[in-house]
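# Working through the structure, step by step
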Amino acid sequence: MKKARFILYGALGLALVVTSAVGPAAAAEKKNAEPVKIDKQWPPAPQKARFKLLQIIRGEHDVVVRKKKSIVERVVADESAPTYIQFLHPFAVAGDRQGKLYVADTWNNAIFAIDPANRGFHVFGADNDVKLKLPLAITVDSQNRVWVADGTLKSVLVYSPEEKLIMQIGSDPGTPKDPIPVMTRPSGIAIDEKRQRVYVSDAGSNQIFVYDTDGKFLAKFGQAGMDPGQFLMPGHLLVDPSGKLYVVDQENARIQIFDTEFNLLQVIGERGDHVGTFGRPKAIAMDSEGHLYVTDAFWNHVEVWGHDSREKDPDKLSVLIFLGDGGREPGQFQCPAGIYINQYDQIFVADQVNGRVQVIQYLAEGKK
């Protein structure tokens, strides 16, 4: 992991940010909203920007370009009715190498598929033979298959690149002679392509389940508790290029890192209100330079962790910068959840209570 070049600014506030509720009566389709002016960077000016807010995606209107119609055409088409599909509670986000984006929405009980290059925006998973009920995590493998962990269905559903359901794992108990452990609330998923492994966190049993990429159960590890190596509601997962597994241990307010043999290597953070601690960590991602990004739904920001050049211990990770704070303005968050970083170091954050995905660019050296 390379040494960080950005500057830590500010400290965590001590007061809890109270978020306003968004009722379930909110429609999945809404009229065209006014465009949002985006002018946000971190650290703030006049310091040199290391991160810049690029885009806010609230739904179909921010992706699809529709031809303007005359007033007469609108009256004939009865365009007083809602015309654009919107996010309600985007909870997890992932993408493929071609730039397609997938957003799991826990209130719409579906996956939004976004194709920016072709201005495409549609929904799937809500009208299949097996309907999604509570999609909590999503990832895309090298074959562009979409893997979705559904907490209510107690299984992981795998879709082809054409969005056809091809596999469902985790809920089949096997036979009395050959029983298979079943999950109770899968809440995170990550794939180790090199070892052909799929890791799934089960918040119900406080364990990590391990499958091969064909869906065969291989192993599981962990148990409920607060000691190192134990979990309380493990959530989103990350596998880094070396094969290390990062587990967001939500109720213990920490990140635990394991090797490929499931041995605990390191614990990052703890519950607290100062730098280097978490309130309620939700998801984790890694950029091209090895920095870790953790969303915190309690403090309403993204913490960026890495190696501080002033730190003598080469293995110690520190908080380098905070992205965002509580609120509804561009660059602010209300209960941020899932996070995904593409090959261009663009950071996609599921800003769930605000009903949007915010896109932030990491401005590494040589990038503008």
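Thresholds, definitions, all that
Residues numbered from 1 in each chain as written. Predicted model: local features only at pLDDT ≥ 70, side-chain atom pairs only at ≥ 80, totals over all residues. Heavy atoms only, no water. Core = buried A, V, L, I, M, F, W, Y, C linked by side-chain atoms within 4.5 Å. Buried < 20%, exposed > 50% of the residue type's maximum accessible area, 1.4 Å probe, protein only. Helix = DSSP H or I, 4+ residues; strand = E, 2+ residues; numbered from the N terminus. Contact = heavy atoms within 4.5 Å. Pairing = 2+ DSSP bridges. Axes fitted to C-alpha atoms, helices over the stretch in contact; angles between N-to-C directions.

Next up on the list: the nonpolar core. Counting 19 residues, the largest nonpolar core has Phe-51, Tyr-293, Leu-323, Ile-339, Ile-347 and Ile-360 as its most contacted members. Looking at this core element by element, the count peaks at 3 residues for strand S3 (residues 51-57). Setting aside residues up to four positions removed in sequence, Ile-360 forms contacts with Trp-42, Phe-51, Lys-52, Leu-53, Leu-54, Leu-323, Phe-333, Asp-345, Gln-346 and Ile-347. One finds Val-248, Ala-253, Ile-268 and Val-319 within the second-largest nonpolar core, a separate group that totals 16 residues.

So, on to the sheet that holds strand S25 (residues 336-341). Note on sheets: strands pair through backbone hydrogen bonds, and any given pair is parallel or antiparallel. Taken together, 5 strands build an open sheet; the order of strands is S2-S3-S27-S26-S25 and the sheet is antiparallel. Looking at which strands have only one partner, the edges of the open sheet turn out to be strand S2 (41-42) and S25. In terms of strand pairing, strand S26 (residues 346-351) meets strand S27 (residues 356-362) through 6 bridges, oriented antiparallel. Along S27, the bridge assignment pairs Ile-347 with Ile-360.

With that settled, the discussion passes to the environment of Asp-115. Inspection of the secondary structure assignment puts Asp-115 in strand S7 (residues 110-115). As a C-alpha pair, Asp-115 and Gly-95 span 20 residues in sequence and 9.9 Å in three-dimensional space.

As a further point, take the environment of Gln-332. As for its placement among the helices and strands, Gln-332 is situated in the loop between strand S24 (318-323) and S25. For the pair Gln-332 and Gln-358, spaced 26 residues apart in the sequence, the C-alpha separation amounts to 9.1 Å.

Another aspect to go through is the sheet that holds strand S16 (residues 217-221). Across the sheet, 4 strands lie side by side as S13-S14-S15-S16; this open sheet has antiparallel pairing. Whereas interior strands pair on both sides, the edge strands pair on one side only; in this sheet they are strand S13 (186-192) and S16. Ignoring which end each strand starts from, the neighbouring axes of this sheet average 20° apart. Of the strand pairs in this sheet, strand S15 (residues 207-212) and S16 are connected by 4 bridges, and their pairing is antiparallel. Bridge pairing in S16 links Ile-208 to Phe-221.

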